[in-house]
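Chains, contacts and geometry: an overview
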Amino acid sequence: MAADKSQDLARLLSEMIRINTVSPPGNEKDLAAYIAEILRSNGLEPTIQDLGNNRANIFCEIGEGDECRLILNGHLDVVPAEGEWKHDPFEGRIDGEYLYGRGACDMKAGLACMLQAFIDTAKEESRLKGRLKLFFVTDEETSNLGLRSYISEYGEKDRLSAKRNYALIGEPTDLNVCNSHYGVERYWINVHGVSAHSSKPELGVNAISGAAAIVDSLSGYHKELRSRVTEWGSPSCAVTMIEGGEKQNSIAAHARVFIDRRTVPGEKAEDVKKEVEAWLDERTDLRGCTCDTELYFTFGSGLLPSGNSFLSAIMEEAGQEKAEVFPAGCEQGIMLSAGYEAAVLGPGSIKDAHMPDEKVRVSDLGKAYELYRKIISRILM
Ligand SMILES: [Zn+2]
C-alpha cells in the first residue's frame, strides 16, 4: 500500500524537480502554477500570492471552524546545483532506491507528500473538525521574502480566525519530529591597519596580519563554543571568507574576515554580538590593528517548548519519545514569532541537502505521506 504511494509520489516529485526554482532568481511562480493546476483538477481553489519577478506563494484551505488550523508548510525554492553531479539535477531520475535531483530532499519531497496528503484529505473534507491549509512559500533559502510577505498580508487573519494555528514544516528531518532549529549570526570583522611602502613594512601596521590573528583566535572561540553542551547541541563559529590589501607593493591598511556563528535555541542575537566583540577585544592580539564588527545577517533560532500539546500529539503519531533539533536554519523561528505553533518534520536527510546528487529514498515518500495523514487525522478528525 505504502509502496504504491511511494511510486506515485516519486512521479510527482520528479515533475516538481523538472520545474527549475533555483534561487536566485527563483521563478517559483512556475511551480506554484503547476501545483495550483493539480489542486484545481481535484476541485480545490488555491490562491497564488504574486510577489512580482515570477515569485509567488501558494495556499489553499479546506475545512472550517474557529478552533484550530493545521498548516502544511514548505518552500518552493532550491539552492543552485553547483559541483559535480552524476545525475542531471533537473531530471528527477530514480536510480536504485533513491530519487536524485536538486530539491529531492530540500524540500520538494516534503512538498509532494504534503500536497498529496492535502488532496486526499479534501476527499473526506466533511470529517474535518477544523481547518487544513496547504501553504508553500517562495524564497526560503535567501531572504524569507515569501513567508514574511504572507505574514504581513494574511498572518493576522490566520491568527484571528482560529484559536490555535499549528504548522508542520516539511524540511528533511529523516521523518523525525524536530521542535527546534539553530540560528545564525553573520558578521564582517573590519580590520584597520596603517599603510606603508612594502619595502618598509615596519613603518606600517599590516591589517592582513591582524586578520590572520583573528582567524587564529576564532578557532579558539569555536573550541570554547563546542565545549558548551546544551540539550540542543553546541554553538559554533567558522571563518568563511577573508579579504584584504589594497596594492601589491603596499602594507595593507584594511582587511576583513567573515564569520558564521551558529546559535542554539536560547541564544540571543545581541548577546552573541557582545560575546564576539569581547573575544576580539580581550582574547585576541590584533598585532597593532584595530577592528570593528559589522552585522551582515541575523536569523534567530526556533524552539517549540516540549510539553506543547501539538508537539506531544505529533511525536506520539511518529512514535518518538524526544524531539530533535533541526541542525540547519529554517522558517520555524519566524513562524513561532508570528504566533504559529510550528514543528519540523519531513522526508529525506539534511546531510543530502545543498550537495551534488541530492537525493531522497523513494520508500520514505510513502512513509512521509502516511505520517502526514495520521497527523491530520489526529489533529483535525
Ligand atoms: Zn529547506
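The model shown is predicted, which means the values in this text are computed figures rather than measured ones. (Residues numbered from 1 in each chain as written. Predicted model: local features only at pLDDT ≥ 70, side-chain atom pairs only at ≥ 80, totals over all residues.)

1. Some points on the environment of Ile259
Heads up, the condition is: Numbering goes from the N terminus for both helices and strands, where a helix is a DSSP run of H or I of at least four residues and a strand is a run of E of at least two. What counts as a contact here is a pair of residues whose C-beta atoms, placed from the backbone, lie within 7 Å.
Among the structural elements, Ile259 can be located in strand β11 (residues 254–263). Discounting residues that sit within four places of it in the chain, Ile259 has contacts with Arg186, Tyr187, Ile189, Leu218, Cys237, Ala238 and Val239.

2. Quick notes on the domain arrangement of the protein
Rules: Each domain's extent is set by a domain assignment, obtained either automatically or from a database. Only Asp, Glu, Lys and Arg are considered charged in this grouping, and only Ala, Val, Leu, Ile, Met, Phe, Trp, Tyr, Cys and Pro are considered nonpolar; every other residue, Gly among them, is considered polar.
For the protein, the assigned domains read domain 1 (2–180 + 301–380) and domain 2 (183–299). Taking only C-alpha atoms, the centre of domain 1 and the centre of domain 2 are 37 Å apart. Domain 1 puts 7 residues into the contact, and the matching count from domain 2 is 9 residues. Residue composition of the side of domain 1 that touches domain 2, by class: 2 nonpolar, 5 polar and no charged.

3. Some remarks on unusual backbone geometry
Across the junction of Ser23 and Pro24, the peptide omega takes the value -10°, indicating a cis bond. Among the structural elements, Pro24 can be located in the loop between α1 (2–18) and α2 (28–41). Residue Pro25 is bonded to the preceding Pro24 through a cis peptide linkage, with omega at 5°. Its location among the elements puts Pro25 in the loop between α1 and α2. Backbone geometry places Asp139, a non-glycine residue, at a positive phi of 55°. Structurally, Asp139 can be placed in the loop between β6 (131–137) and α4 (145–161).

4. Comments concerning the nonpolar core
Spelled out, the test is: Each nonpolar core comprises buried Ala, Val, Leu, Ile, Met, Phe, Trp, Tyr and Cys residues, the members being joined through C-beta atoms within 7 Å. Residues with at least 20 neighbouring C-beta atoms inside 10 Å of their own are called buried, those with 12 or fewer are called exposed, and the rest are partly exposed, where every C-beta is derived from the backbone.
In this structure, Leu13, Ala112, Cys113, Ala343, Leu365 and Tyr372 are the most contacted members of the largest nonpolar core, which totals 81 residues. With 10 residues, the top contributor of residues to this core is helix α9 (residues 362–380). Those residues in contact with Leu365 that sit more than four places away from it in its chain are Ser6, Leu9, Ala10, Leu13, Ala109, Ala112, Cys113, Pro347 and Val360. Counting residues in hydrophobic clusters, the runner-up holds 23 residues, among them Ile214, Tyr221, Leu225 and Ile259.

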